[in-house]
Amino acid sequence: DDVELEAGADLGLGCGNPLSAAKLREGEVVLDLGSGAGVDCFAAAKIVGASGRVVGVDMTPEMLERARATARKDAAYGGVSFRLGEIEHLPVGDGVVDCVISNCVINLSPDKPAVYREMNRVLRPGGRVSISDVLRTAPIPDALKTVEAYAC
């Protein structure tokens, strides 16, 4: 899984590598939830090859433009596209995705059950999910529930 990351697409906002467990294969269709500047999409494209497709979904037009600009620079990314949308309401058809990936985005959703319903809807029978994210396992202490604490 030594895929070189696309320069300029890695903003350091992820919290892991969803591709390491995804077991992607050539020709597959991959959906990246919260694709941002596209770093995981471009890495996935190198694995699924010219016969595969990678779709990134992000809710911010600025990130989509950045990702699309990177994709336009390299013909190897002809199978990569980016769509404006929310991960709770994916702009993707039913049962068309082989693997859903996400890198530290689902934790940001206010409606996580909707995200998982949407993943289930877009996956083909036998499709799979590979997520890298953070999880709260205990209550947040009151001292950390301040505006200052959330401002990192």
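Residues numbered from 1 in each chain as written. Predicted model: local features only at pLDDT ≥ 70, side-chain atom pairs only at ≥ 80, totals over all residues. Heavy atoms only, no water.

Colleague: Before we go on, may I ask you to explain the environment of Asp74 in this structure?
Modeller: The residue Asp74 is located in the loop between α3 (61-72) and β3 (80-84) in this model. For Asp74, the side chain forms a polar contact with the main-chain nitrogen of Ala76, separated by 2.8 Å. (Helix = DSSP H or I, 4+ residues; strand = E, 2+ residues; numbered from the N terminus. Polar contact = N/O pair within 3.5 Å; in protein donor to acceptor, adjacent residues only side chain to side chain.)

Colleague: Even after reading the chapter, I still don't get unusual backbone geometry, so can you show me in this structure?
Modeller: Outside of glycine, negative phi angles account for most residues, and trans bonds account for most peptide bonds. The backbone phi angle of Lys23 is positive, close to 55°, even though this residue is not glycine. With respect to the helices, strands and loops of the structure, Lys23 is situated in the loop between α1 (19-22) and β1 (29-33). Backbone geometry at Cys104 places phi at a positive 60°, although glycine is not the residue there. Relative to the elements of secondary structure, Cys104 occurs in the loop between β4 (97-103) and α4 (112-122).

Colleague: In this structure, what is going on with the nonpolar core? I would like to understand it.
Modeller: When a protein is soluble and globular, its nonpolar side chains tend to lie buried together. Judged by nonpolar contacts, the single largest core of 19 residues is most densely connected at Leu24, Val30, Val54, Val80 and Phe82. The element contributing the most residues to this core is helix α2 (residues 39-48), with six residues. Contact partners of Val30, with chain neighbours within four places excluded, come to Leu24, Ala44, Val48, Arg53, Val54, Val55, Val97, Cys99 and Ile101. Judged by nonpolar contacts, the second largest core, of 16 residues, contains Leu31, Leu33, Val97 and Val115. (Core = buried A, V, L, I, M, F, W, Y, C linked by side-chain atoms within 4.5 Å. Buried < 20%, exposed > 50% of the residue type's maximum accessible area, 1.4 Å probe, protein only. Contact = heavy atoms within 4.5 Å.)

Colleague: Would you mind showing me how to read α4 here?
Modeller: Since there are 3.6 residues in each turn of an α-helix, residues three or four apart along the chain are aligned in direction. For α4, the complete set of buried residues consists of Ala114, Val115, Glu118, Met119 and Val122. Take α4 and look down its axis: the buried residues cluster within an arc of 140°, on one side only. Summarising the geometry of α4, the exposed residues directed more than 90 degrees from the buried face are Arg117 and Asn120. Residues of α4 that are buried make contact with β1, β4 and β5 (123-132). (Arc of directions from axis to C-beta.)

Colleague: Honestly, the pairing of β3 in this entry has me stumped. Any pointers?
Modeller: The side chains of a regular strand alternate, residue by residue, between the two faces of the sheet. Of the pairings in the sheet, the one linking strand β2 (residues 53-58) to β3 comprises five bridges and is parallel in character. Considered in β3, the bridge of Val55 is made with Ser81. (Pairing = 2+ DSSP bridges.)

Colleague: I'm lost on the sheet that holds β2 in this one. Help?
Modeller: Note on sheets: strands pair through backbone hydrogen bonds, and any given pair is parallel or antiparallel. Strand order in this open sheet of five strands is β3-β2-β1-β4-β5, and the pairing throughout is parallel. Looking at strand neighbours, the two that pair on one side only are β3 and β5, the edges of this open sheet. Neighbour-to-neighbour, the strand axes of this sheet turn through a mean angle of 20°, independent of strand direction. Relative to β2, β1 runs parallel, the two sharing five bridges. Note that in β2 the partner of Val29 across the bridge is Arg53. Of the strands in this sheet, β1, β2, β3 and β4 are in contact with α2, which crosses β2 at around 170°. (Axes fitted to C-alpha atoms, helices over the stretch in contact; angles between N-to-C directions.)

Colleague: Hey, could you run me through the pairing of β1 in this one?
Modeller: Within β1, five of the five residues are buried, which leaves it mostly tucked inside the rest of the structure. Residue alternation in β1 divides its side chains into two sets, Val29, Leu31 and Leu33 and Val30 and Asp32, and both sets are buried. Of the strand pairs in this sheet, β1 and β4 are connected by four bridges, and their pairing is parallel. Its bridge partner lying in β4, Val30 is registered against Cys99.

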